[in-house]
Amino acid sequence: MVNIIPIFVILLSTLLISSHGNAVESPLCGGRVFVENAIVIEAPVHEDCHWDIQTQEDRILVITALSGNLKEAQEFLTIHDGSGNDSPILIVESHKIHERSRKDLPEAVYTTQSTASIRFKKAPTSNLQLKIQKAVDCPFNLGTDSQCGRVVDDVSCYCAIFNGV
């Protein structure tokens, strides 16, 4: 009987973890996570929660809100471009949007490097889920005859070169 209980606990915890898919949940607040494609983190119920996020070196990260509003969430959290204590804070309002990007894409914050940190200053008053995805960097200026934008989704970039014919 004593041997059955640990096996049951392991089986139950495996089932619970696998049922959440890409959601990253932790009984403790925050942690370190590597983004292969996309993850979802739940806002903590505690304040002073810190997440360090990383993806492959030749990619950047894009952060969107699945539930809630990213601009309003800035009251509860800061998103830093990098994982150092002195990394600059990314602000939704200051992000440039490519002229050729679809206007119906979700409000997003893009890092300029492969690492970011999300620091919750206080617990949100409502449910907040953040989706963090690996994305390609989308250049603004390839030359006077080119334009780039996110026309399909918020992680891809498409560029066109226009020839004066």
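Please refer to the structure higher up on the page.
Reference entry: report on the structure contained in this document.

Procedures and definitions
- Residues numbered from 1 in each chain as written.
- Predicted model: local features only at pLDDT ≥ 70, side-chain atom pairs only at ≥ 80, totals over all residues.
- Heavy atoms only, no water.
- Core = buried A, V, L, I, M, F, W, Y, C linked by side-chain atoms within 4.5 Å.
- Buried < 20%, exposed > 50% of the residue type's maximum accessible area, 1.4 Å probe, protein only.
- Helix = DSSP H or I, 4+ residues; strand = E, 2+ residues; numbered from the N terminus.
- Contact = heavy atoms within 4.5 Å.
- Pairing = 2+ DSSP bridges.

**Some thoughts on the nonpolar core**
Alright, step 1. If you look at the biggest cluster of nonpolar residues, it comprises 23 residues, and the most contacted ones within it are I118, F120 and I132.
Alright, step 2. Among the secondary structure elements, those contributing two or more residues to this core are β3 (38-42), β4 (49-54), β5 (60-67), α2 (70-73), β6 (77-80), β9 (115-120) and β10 (129-135).
Alright, step 3. Excluding residues within four positions of it along the chain, I132 makes contact with V35, N37, A38, I39, I41, I53, L61, V62, I63 and I118.
Alright, step 4. Of all hydrophobic cores here, the second largest spans six residues; its members include V62, A108, Y110 and A135.

**As for the pairing of β9**
Alright, step 1. For β9, a buried count of six out of six residues is recorded, marking the element as mostly surrounded by other parts of the structure.
Alright, step 2. Alternating residues of β9 divide into T115, S117 and R119 and A116, I118 and F120, and every residue in both groups is buried.
Alright, step 3. By the bridge criterion, six bridges tie β4 to β9 in an arrangement that is antiparallel. Bridging across to β9, Q54 finds its partner in T115.
Alright, step 4. As paired strands, β6 and β9 are joined by four bridges and run antiparallel to one another. Paired with I79 across the bridge in β9 is I118.

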